[in-house]
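Overview (structure and organization)
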Amino acid sequence: MTGVSAPGPATVVVRPAARLRGELRLPGDKSISHRALMLATLAVGESRIAGAGDGADVRSTAAICAALGARIERVDGDGGSADYRIVSPGADRLRASSTDLDCGNSGTSLRLFAGILSGLPFTSVLDGDDSLRRRPVTRIIEPLRSMGAVLHARSNDSLPPVTVVGRTPLRAVDVATPIPSAQVKSAILLAGLRADGRTTVRESVATRDHTERMLRARGVDVRSEANGAGVAVSLEGGSTVEAVSERVPGDVSAAAFWLVAGAIHPDAELTIRDVGVNPTRRAIIDILRAMGARIEERPLGDAADNGVGEPMADLVVRSSELRAIDLGPADVATAIDEIPILCLAAALASGTTTIRGAGELRHKESDRIDGTAIGLRALGVRVDVDGDDLRIYGGTALVGAPTDSLDDHRLAITFAVAGLLARGETAVHRPGSAAVSYPGFFADLERVGA
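Overview of the structure. (Residues numbered from 1 in each chain as written. Predicted model: local features only at pLDDT ≥ 70, side-chain atom pairs only at ≥ 80, totals over all residues. Heavy atoms only, no water.)

In this section: the environment of C103. Position of C103 among the secondary structure elements: in the loop between β7 (101-102) and α3 (107-118). Once residues within four sequence positions are removed from consideration, C103 is found in contact with S60, I64, S109, L110, L126, D127, G128 and L132. (Helix = DSSP H or I, 4+ residues; strand = E, 2+ residues; numbered from the N terminus. Contact = heavy atoms within 4.5 Å.)

Right, here's the structure in full:
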(Lines give C-alpha, C1' and ligand atoms only; values in the text may rest on other atoms or scores of the structure.)
Protein backbone atom coordinates (compact mmCIF):
# COMPACT_ATOMS: atom_id res chain seq x y z
CA MET A 1 0.00 0.00 0.00
CA THR A 2 1.22 3.44 -0.80
CA GLY A 3 2.43 5.49 2.09
CA VAL A 4 3.79 8.99 2.32
CA SER A 5 5.38 9.92 5.60
CA ALA A 6 7.57 12.69 6.87
CA PRO A 7 10.15 11.52 9.43
CA GLY A 8 11.50 15.03 9.52
CA PRO A 9 10.69 18.41 8.02
CA ALA A 10 13.38 17.90 5.40
CA THR A 11 12.35 14.45 4.11
CA VAL A 12 9.31 12.65 2.71
CA VAL A 13 9.28 8.85 2.35
CA VAL A 14 7.28 7.26 -0.49
CA ARG A 15 6.42 3.56 -0.55
CA PRO A 16 5.26 1.48 -3.54
CA ALA A 17 1.63 1.63 -4.67
CA ALA A 18 -0.30 -1.57 -5.43
CA ARG A 19 -2.31 0.38 -8.00
CA LEU A 20 -3.05 3.95 -9.11
CA ARG A 21 -6.67 5.03 -9.48
CA GLY A 22 -8.46 8.35 -9.35
CA GLU A 23 -9.36 11.70 -10.83
CA LEU A 24 -7.07 14.70 -10.54
CA ARG A 25 -7.58 18.44 -10.90
CA LEU A 26 -4.28 20.20 -11.20
CA PRO A 27 -3.11 23.67 -10.22
CA GLY A 28 -3.63 26.30 -12.89
CA ASP A 29 -0.88 26.46 -15.48
CA LYS A 30 2.04 28.29 -13.90
CA SER A 31 3.26 29.95 -17.10
CA ILE A 32 -0.22 31.29 -17.91
CA SER A 33 -0.87 32.37 -14.29
CA HIS A 34 2.29 34.51 -14.20
CA ARG A 35 1.40 36.21 -17.45
CA ALA A 36 -2.25 36.73 -16.51
CA LEU A 37 -1.25 38.64 -13.36
CA MET A 38 1.37 40.71 -15.18
CA LEU A 39 -0.91 41.64 -18.08
CA ALA A 40 -3.73 42.52 -15.68
CA THR A 41 -1.30 44.92 -14.01
CA LEU A 42 -0.48 46.56 -17.34
CA ALA A 43 -4.19 46.95 -18.23
CA VAL A 44 -6.45 49.74 -16.98
CA GLY A 45 -9.37 48.61 -14.84
CA GLU A 46 -10.56 45.31 -13.42
CA SER A 47 -9.34 41.89 -14.53
CA ARG A 48 -10.47 38.54 -13.13
CA ILE A 49 -8.44 35.34 -13.18
CA ALA A 50 -10.08 32.02 -12.24
CA GLY A 51 -8.05 28.94 -11.37
CA ALA A 52 -4.58 30.48 -11.30
CA GLY A 53 -1.75 28.37 -9.97
CA ASP A 54 -1.27 28.95 -6.25
CA GLY A 55 2.31 27.85 -5.81
CA ALA A 56 5.01 30.01 -4.30
CA ASP A 57 6.21 31.20 -7.71
CA VAL A 58 2.85 32.63 -8.74
CA ARG A 59 2.40 34.24 -5.33
CA SER A 60 5.75 35.99 -5.88
CA THR A 61 4.42 37.48 -9.10
CA ALA A 62 1.19 38.59 -7.42
CA ALA A 63 3.16 40.33 -4.66
CA ILE A 64 5.29 42.21 -7.21
CA CYS A 65 2.17 43.34 -9.08
CA ALA A 66 0.81 44.73 -5.82
CA ALA A 67 4.12 46.45 -5.05
CA LEU A 68 3.92 48.23 -8.42
CA GLY A 69 0.48 49.66 -7.68
CA ALA A 70 -2.15 47.09 -8.66
CA ARG A 71 -4.84 46.20 -6.12
CA ILE A 72 -4.83 42.41 -5.73
CA GLU A 73 -7.59 40.33 -4.12
CA ARG A 74 -6.99 36.58 -3.86
CA VAL A 75 -9.44 33.80 -2.95
CA ASP A 76 -8.42 30.17 -2.32
CA GLY A 77 -9.60 27.73 -4.96
CA ASP A 78 -9.56 23.96 -5.39
CA GLY A 79 -6.64 21.71 -6.30
CA GLY A 80 -3.87 24.14 -5.46
CA SER A 81 -5.42 27.00 -7.44
CA ALA A 82 -6.66 30.49 -6.56
CA ASP A 83 -8.96 33.13 -8.04
CA TYR A 84 -7.80 36.73 -8.40
CA ARG A 85 -9.44 40.12 -8.87
CA ILE A 86 -6.95 42.74 -10.02
CA VAL A 87 -7.71 46.45 -10.32
CA SER A 88 -4.86 48.38 -11.93
CA PRO A 89 -4.32 52.02 -12.88
CA GLY A 90 -2.54 50.79 -16.03
CA ALA A 91 1.09 50.83 -17.16
CA ASP A 92 1.33 54.64 -17.35
CA ARG A 93 0.44 55.01 -13.67
CA LEU A 94 2.41 52.19 -12.09
CA ARG A 95 4.89 53.29 -9.45
CA ALA A 96 8.32 52.32 -8.22
CA SER A 97 8.37 49.96 -5.26
CA SER A 98 9.84 51.27 -2.02
CA THR A 99 11.69 47.94 -1.57
CA ASP A 100 13.41 45.38 -3.78
CA LEU A 101 10.99 43.19 -5.74
CA ASP A 102 11.26 39.64 -4.38
CA CYS A 103 10.88 36.99 -7.11
CA GLY A 104 11.49 34.16 -4.64
CA ASN A 105 12.44 31.08 -6.67
CA SER A 106 10.69 32.25 -9.84
CA GLY A 107 12.85 32.76 -12.91
CA THR A 108 9.71 33.60 -14.89
CA SER A 109 8.95 36.49 -12.52
CA LEU A 110 12.46 37.88 -12.77
CA ARG A 111 12.83 37.61 -16.55
CA LEU A 112 9.38 38.83 -17.56
CA PHE A 113 9.32 41.68 -15.04
CA ALA A 114 12.74 42.74 -16.33
CA GLY A 115 11.05 43.30 -19.69
CA ILE A 116 8.06 45.12 -18.22
CA LEU A 117 10.16 47.35 -15.97
CA SER A 118 12.52 48.26 -18.81
CA GLY A 119 9.69 50.29 -20.33
CA LEU A 120 8.62 52.08 -17.14
CA PRO A 121 10.28 55.38 -16.14
CA PHE A 122 11.69 54.44 -12.75
CA THR A 123 14.32 52.25 -11.12
CA SER A 124 13.59 48.78 -9.71
CA VAL A 125 15.63 45.95 -8.23
CA LEU A 126 14.62 42.34 -8.94
CA ASP A 127 15.98 39.83 -6.44
CA GLY A 128 15.17 36.33 -5.20
CA ASP A 129 16.28 33.40 -3.10
CA ASP A 130 19.71 31.75 -3.13
CA SER A 131 18.71 29.43 -5.96
CA LEU A 132 17.49 32.27 -8.17
CA ARG A 133 20.66 34.24 -7.48
CA ARG A 134 22.63 31.44 -9.17
CA ARG A 135 20.62 31.57 -12.41
CA PRO A 136 22.11 33.54 -15.33
CA VAL A 137 20.45 36.69 -16.62
CA THR A 138 22.81 37.78 -19.42
CA ARG A 139 20.39 36.65 -22.13
CA ILE A 140 17.73 39.11 -20.98
CA ILE A 141 20.06 41.97 -20.06
CA GLU A 142 21.65 42.27 -23.51
CA PRO A 143 18.50 42.64 -25.66
CA LEU A 144 16.81 44.93 -23.12
CA ARG A 145 19.89 47.18 -23.07
CA SER A 146 19.74 47.35 -26.86
CA MET A 147 16.21 48.77 -26.45
CA GLY A 148 17.52 51.63 -24.30
CA ALA A 149 16.94 50.40 -20.74
CA VAL A 150 19.82 50.34 -18.26
CA LEU A 151 20.32 47.03 -16.46
CA HIS A 152 23.03 45.89 -14.06
CA ALA A 153 23.62 42.60 -12.24
CA ARG A 154 26.28 40.83 -10.18
CA SER A 155 29.32 39.00 -11.55
CA ASN A 156 29.79 41.05 -14.71
CA ASP A 157 26.06 41.38 -15.25
CA SER A 158 25.48 37.63 -15.22
CA LEU A 159 23.64 36.93 -11.93
CA PRO A 160 20.76 38.46 -9.89
CA PRO A 161 19.85 40.76 -8.28
CA VAL A 162 19.11 42.84 -11.37
CA THR A 163 18.76 46.62 -11.23
CA VAL A 164 16.51 47.96 -13.99
CA VAL A 165 16.49 51.65 -14.88
CA GLY A 166 13.52 51.93 -17.21
CA ARG A 167 12.94 54.29 -20.09
CA THR A 168 9.82 55.46 -21.96
CA PRO A 169 9.70 55.01 -24.86
CA LEU A 170 12.17 52.22 -25.57
CA ARG A 171 13.71 51.59 -28.97
CA ALA A 172 12.08 48.90 -31.09
CA VAL A 173 14.47 46.07 -32.03
CA ASP A 174 14.67 43.09 -34.35
CA VAL A 175 16.63 40.40 -32.50
CA ALA A 176 17.38 36.70 -32.92
CA THR A 177 17.62 34.69 -29.70
CA PRO A 178 20.75 32.48 -29.76
CA ILE A 179 19.02 29.82 -27.64
CA PRO A 180 15.23 29.45 -27.99
CA SER A 181 13.60 30.57 -24.74
CA ALA A 182 9.97 31.55 -24.16
CA GLN A 183 10.99 33.65 -21.18
CA VAL A 184 13.57 35.67 -23.12
CA LYS A 185 11.12 36.12 -26.02
CA SER A 186 8.40 37.23 -23.60
CA ALA A 187 10.67 39.71 -21.82
CA ILE A 188 11.52 41.38 -25.14
CA LEU A 189 7.89 41.45 -26.32
CA LEU A 190 6.66 42.92 -23.02
CA ALA A 191 9.32 45.60 -23.27
CA GLY A 192 8.23 46.10 -26.88
CA LEU A 193 4.82 47.26 -25.68
CA ARG A 194 6.59 50.47 -24.59
CA ALA A 195 8.81 50.85 -27.67
CA ASP A 196 8.65 53.35 -30.52
CA GLY A 197 8.01 50.91 -33.37
CA ARG A 198 7.62 47.21 -34.18
CA THR A 199 9.67 44.86 -32.03
CA THR A 200 10.51 41.46 -33.55
CA VAL A 201 11.93 38.34 -31.89
CA ARG A 202 13.29 35.59 -34.16
CA GLU A 203 13.62 32.00 -32.90
CA SER A 204 15.17 29.01 -34.63
CA VAL A 205 12.62 26.79 -32.86
CA ALA A 206 9.16 28.01 -31.85
CA THR A 207 8.82 28.14 -28.06
CA ARG A 208 5.63 28.23 -25.99
CA ASP A 209 3.33 30.99 -27.20
CA HIS A 210 1.27 31.90 -24.13
CA THR A 211 2.45 35.52 -24.16
CA GLU A 212 1.41 35.97 -27.79
CA ARG A 213 -2.01 34.33 -27.30
CA MET A 214 -2.73 36.32 -24.14
CA LEU A 215 -1.69 39.64 -25.68
CA ARG A 216 -3.97 38.99 -28.66
CA ALA A 217 -6.84 38.20 -26.29
CA ARG A 218 -6.21 41.64 -24.74
CA GLY A 219 -6.37 43.53 -28.02
CA VAL A 220 -2.68 43.66 -28.96
CA ASP A 221 -1.80 42.95 -32.60
CA VAL A 222 0.84 40.20 -32.31
CA ARG A 223 2.08 38.61 -35.52
CA SER A 224 3.78 35.23 -35.86
CA GLU A 225 5.44 34.25 -39.13
CA ALA A 226 7.05 30.87 -39.72
CA ASN A 227 9.79 30.46 -42.29
CA GLY A 228 12.60 28.08 -43.10
CA ALA A 229 14.80 29.67 -40.43
CA GLY A 230 12.24 29.31 -37.63
CA VAL A 231 9.58 31.76 -36.48
CA ALA A 232 9.41 35.55 -36.10
CA VAL A 233 7.07 37.10 -33.53
CA SER A 234 6.41 40.84 -33.51
CA LEU A 235 4.20 43.55 -32.03
CA GLU A 236 3.77 47.30 -32.41
CA GLY A 237 4.89 49.53 -29.56
CA GLY A 238 2.33 51.73 -27.85
CA SER A 239 -0.36 49.03 -27.96
CA THR A 240 -2.96 49.15 -25.20
CA VAL A 241 -3.46 46.04 -23.05
CA GLU A 242 -7.14 45.51 -22.27
CA ALA A 243 -8.56 44.13 -19.02
CA VAL A 244 -10.28 40.73 -19.40
CA SER A 245 -11.76 37.88 -17.40
CA GLU A 246 -10.18 34.49 -17.96
CA ARG A 247 -9.88 30.93 -16.74
CA VAL A 248 -6.47 29.31 -16.41
CA PRO A 249 -6.20 25.72 -17.73
CA GLY A 250 -4.67 22.96 -15.61
CA ASP A 251 -0.89 22.83 -15.83
CA VAL A 252 0.30 20.32 -18.45
CA SER A 253 3.73 20.25 -16.77
CA ALA A 254 2.02 19.02 -13.58
CA ALA A 255 -0.03 16.58 -15.66
CA ALA A 256 3.23 15.16 -17.00
CA PHE A 257 4.03 13.57 -13.63
CA TRP A 258 0.74 11.69 -13.58
CA LEU A 259 0.94 10.73 -17.26
CA VAL A 260 4.30 9.11 -16.58
CA ALA A 261 3.14 7.58 -13.29
CA GLY A 262 0.12 6.01 -14.98
CA ALA A 263 2.09 4.78 -17.98
CA ILE A 264 4.93 3.13 -16.03
CA HIS A 265 2.83 1.61 -13.23
CA PRO A 266 1.59 -1.95 -13.94
CA ASP A 267 -1.93 -1.32 -12.57
CA ALA A 268 -3.01 2.26 -13.24
CA GLU A 269 -5.86 4.32 -14.62
CA LEU A 270 -5.86 8.04 -13.92
CA THR A 271 -8.11 10.81 -15.25
CA ILE A 272 -6.69 14.33 -15.31
CA ARG A 273 -9.28 17.08 -15.78
CA ASP A 274 -9.15 20.39 -17.67
CA VAL A 275 -5.54 20.23 -18.83
CA GLY A 276 -4.13 22.89 -21.16
CA VAL A 277 -3.06 21.28 -24.44
CA ASN A 278 -1.56 24.30 -26.21
CA PRO A 279 0.29 23.06 -29.33
CA THR A 280 3.55 24.61 -28.05
CA ARG A 281 3.20 22.88 -24.67
CA ARG A 282 1.75 19.44 -25.44
CA ALA A 283 5.03 17.84 -26.53
CA ILE A 284 5.07 15.70 -23.37
CA ILE A 285 1.80 14.05 -24.45
CA ASP A 286 3.06 13.36 -27.97
CA ILE A 287 6.47 12.11 -26.81
CA LEU A 288 4.93 9.70 -24.32
CA ARG A 289 2.53 8.43 -26.98
CA ALA A 290 5.50 7.87 -29.30
CA MET A 291 7.03 5.79 -26.49
CA GLY A 292 3.86 3.66 -26.37
CA ALA A 293 1.91 5.36 -23.57
CA ARG A 294 -1.85 4.75 -23.65
CA ILE A 295 -3.12 8.31 -23.29
CA GLU A 296 -6.69 9.14 -24.25
CA GLU A 297 -7.39 12.79 -24.99
CA ARG A 298 -10.92 14.14 -24.67
CA PRO A 299 -11.00 17.72 -26.07
CA LEU A 300 -13.34 20.06 -24.19
CA GLY A 301 -14.06 22.31 -27.18
CA ASP A 302 -16.52 25.12 -26.42
CA ALA A 303 -16.70 23.96 -22.80
CA ALA A 304 -13.14 25.21 -22.41
CA ASP A 305 -13.79 28.82 -23.46
CA ASN A 306 -11.30 30.44 -21.09
CA GLY A 307 -10.80 33.90 -22.52
CA VAL A 308 -7.17 33.35 -23.50
CA GLY A 309 -7.53 31.09 -26.55
CA GLU A 310 -5.95 28.12 -24.80
CA PRO A 311 -7.26 24.64 -25.82
CA MET A 312 -8.12 22.24 -22.98
CA ALA A 313 -8.81 18.51 -22.66
CA ASP A 314 -9.37 15.76 -20.14
CA LEU A 315 -6.60 13.15 -20.26
CA VAL A 316 -6.89 9.48 -19.29
CA VAL A 317 -3.70 7.43 -18.90
CA ARG A 318 -3.50 3.67 -18.39
CA SER A 319 -0.70 1.19 -17.72
CA SER A 320 1.50 0.89 -20.79
CA GLU A 321 4.54 -0.86 -22.24
CA LEU A 322 7.00 1.92 -23.01
CA ARG A 323 9.89 1.83 -25.47
CA ALA A 324 12.96 4.02 -25.76
CA ILE A 325 13.06 7.20 -27.82
CA ASP A 326 15.68 9.53 -29.30
CA LEU A 327 15.11 13.23 -28.53
CA GLY A 328 17.08 16.01 -30.21
CA PRO A 329 17.51 19.69 -29.32
CA ALA A 330 14.23 20.71 -30.99
CA ASP A 331 12.33 18.10 -28.95
CA VAL A 332 14.02 19.26 -25.76
CA ALA A 333 13.07 22.89 -26.45
CA THR A 334 9.38 21.95 -26.67
CA ALA A 335 9.42 19.79 -23.52
CA ILE A 336 12.10 21.50 -21.44
CA ASP A 337 10.24 21.41 -18.12
CA GLU A 338 9.24 17.76 -18.54
CA ILE A 339 12.68 16.28 -19.26
CA PRO A 340 13.32 15.05 -15.67
CA ILE A 341 10.07 13.04 -15.54
CA LEU A 342 10.69 11.83 -19.11
CA CYS A 343 14.02 10.47 -17.91
CA LEU A 344 12.11 8.42 -15.33
CA ALA A 345 9.81 7.12 -18.08
CA ALA A 346 12.90 6.19 -20.10
CA ALA A 347 14.31 4.25 -17.15
CA LEU A 348 11.22 2.01 -17.16
CA ALA A 349 11.05 1.71 -20.97
CA SER A 350 12.62 -1.04 -23.05
CA GLY A 351 15.81 0.02 -24.81
CA THR A 352 18.14 3.00 -24.49
CA THR A 353 16.87 6.57 -24.68
CA THR A 354 19.09 9.43 -25.80
CA ILE A 355 18.34 13.10 -25.04
CA ARG A 356 20.61 15.53 -26.87
CA GLY A 357 21.12 19.27 -26.49
CA ALA A 358 19.58 19.71 -23.05
CA GLY A 359 21.96 22.45 -21.90
CA GLU A 360 19.10 24.77 -20.94
CA LEU A 361 18.38 22.36 -18.06
CA ARG A 362 21.60 23.42 -16.38
CA HIS A 363 20.14 26.90 -15.80
CA LYS A 364 16.87 26.03 -14.09
CA GLU A 365 16.17 25.93 -10.33
CA SER A 366 19.05 23.46 -10.18
CA ASP A 367 21.36 21.84 -12.70
CA ARG A 368 18.63 19.43 -13.77
CA ILE A 369 20.93 17.32 -15.94
CA ASP A 370 23.20 16.40 -13.05
CA GLY A 371 20.38 16.39 -10.47
CA THR A 372 18.24 14.00 -12.51
CA ALA A 373 21.17 11.71 -13.26
CA ILE A 374 22.31 11.54 -9.64
CA GLY A 375 18.79 10.81 -8.36
CA LEU A 376 18.06 8.11 -10.92
CA ARG A 377 21.44 6.46 -10.34
CA ALA A 378 20.61 6.29 -6.63
CA LEU A 379 17.43 4.39 -7.60
CA GLY A 380 19.42 1.86 -9.62
CA VAL A 381 19.17 3.39 -13.10
CA ARG A 382 22.18 3.51 -15.42
CA VAL A 383 22.50 7.06 -16.76
CA ASP A 384 25.38 8.47 -18.79
CA VAL A 385 25.93 12.22 -19.08
CA ASP A 386 28.12 13.63 -21.85
CA GLY A 387 28.14 17.40 -21.77
CA ASP A 388 24.51 18.42 -22.36
CA ASP A 389 23.42 14.97 -23.55
CA LEU A 390 21.91 12.12 -21.54
CA ARG A 391 21.65 8.41 -22.22
CA ILE A 392 19.22 6.40 -20.09
CA TYR A 393 19.38 2.61 -20.16
CA GLY A 394 15.84 1.28 -19.75
CA GLY A 395 14.29 -1.83 -18.31
CA THR A 396 15.45 -0.97 -14.81
CA ALA A 397 13.90 -2.41 -11.65
CA LEU A 398 13.89 0.61 -9.35
CA VAL A 399 15.23 0.19 -5.84
CA GLY A 400 14.16 2.62 -3.12
CA ALA A 401 16.95 4.91 -1.92
CA PRO A 402 17.59 8.40 -0.56
CA THR A 403 17.27 11.11 -3.23
CA ASP A 404 17.82 14.86 -3.08
CA SER A 405 15.55 17.37 -4.82
CA LEU A 406 18.26 20.07 -4.64
CA ASP A 407 15.36 22.37 -3.71
CA ASP A 408 14.01 21.90 -7.26
CA HIS A 409 10.27 21.23 -7.47
CA ARG A 410 10.48 19.12 -10.64
CA LEU A 411 13.15 16.86 -9.17
CA ALA A 412 11.23 16.47 -5.89
CA ILE A 413 8.09 15.31 -7.70
CA THR A 414 10.00 13.11 -10.18
CA PHE A 415 11.71 11.15 -7.40
CA ALA A 416 8.43 10.85 -5.47
CA VAL A 417 6.76 9.34 -8.56
CA ALA A 418 9.67 6.91 -8.83
CA GLY A 419 8.92 5.84 -5.26
CA LEU A 420 5.53 4.52 -6.41
CA LEU A 421 7.34 1.70 -8.23
CA ALA A 422 10.66 1.32 -6.42
CA ARG A 423 11.18 -1.69 -4.18
CA GLY A 424 11.31 -0.54 -0.57
CA GLU A 425 11.27 3.06 0.57
CA THR A 426 12.28 6.11 -1.43
CA ALA A 427 13.28 9.13 0.63
CA VAL A 428 12.96 12.53 -1.04
CA HIS A 429 15.09 15.10 0.73
CA ARG A 430 13.97 18.74 0.61
CA PRO A 431 10.48 17.87 -0.68
CA GLY A 432 8.99 21.24 0.24
CA SER A 433 10.15 22.63 -3.09
CA ALA A 434 7.17 20.85 -4.70
CA ALA A 435 5.01 23.71 -3.38
CA VAL A 436 6.68 26.07 -5.85
CA SER A 437 4.40 24.72 -8.59
CA TYR A 438 2.15 22.04 -7.06
CA PRO A 439 1.31 22.66 -3.38
CA GLY A 440 -1.09 19.70 -3.16
CA PHE A 441 1.12 17.13 -4.87
CA PHE A 442 1.85 14.89 -1.90
CA ALA A 443 -1.82 14.87 -0.86
CA ASP A 444 -2.76 13.82 -4.41
CA LEU A 445 -0.04 11.16 -4.35
CA GLU A 446 -1.50 9.64 -1.20
CA ARG A 447 -5.04 9.81 -2.56
CA VAL A 448 -4.53 8.05 -5.91
CA GLY A 449 -2.13 5.38 -4.64
CA ALA A 450 -4.36 2.58 -3.34
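A few words now on the packing of helix α11 (residues 339-348) against helix α12 (residues 368-378). It is at 10 Å that the axes of α11 and α12 come closest, and there the two elements cross at 30°. Regarding the angle of α11 to α12, the classification is roughly parallel. Regarding α11 and α12, the two cross each other, and that crossing is right-handed. From α11, P340, C343 and L344 reach across to α12, where they touch R368, T372 and L376. (Axes fitted to C-alpha atoms, helices over the stretch in contact; angles between N-to-C directions. Parallel < 35°, antiparallel > 145°, perpendicular 65-115°, else oblique. Left-handed = near helix turned anticlockwise from the far one by under 90°.)

Our next topic: the sheet that holds β7. Spatially, β7-β8-β10-β9 is the arrangement adopted by the four strands of the open sheet, whose pairing is mixed. Edge positions in the sheet fall to β7 and β9 (150-153), since each has one partner strand and no second. Alignment of strand β8 (residues 123-127) against strand β10 (residues 159-165), held across four bridges, turns out to be antiparallel. Residue pairing for β10: L126 is matched across the bridge by V162. (Pairing = 2+ DSSP bridges.)

Ordered in space as β19-β20-β22-β21, the four strands form an open sheet in which the pairing is mixed. At either end of the open sheet lies a strand with only one pairing partner, and these are β19 (326-327) and β21 (382-386). Where β19 lies against strand β20 (residues 352-355), two bridges are found, and the strand directions are parallel. The residue bridging D326 from the neighbouring strand is T354, located in β20. The strands that α11 touches are β19, β20 and β22 (389-393); relative to β22, the one it contacts most, it runs at about 30°. Contacts between α12 and the sheet are confined to β21 and β22, with β21 contributing the most and set at about 160° to the helix.

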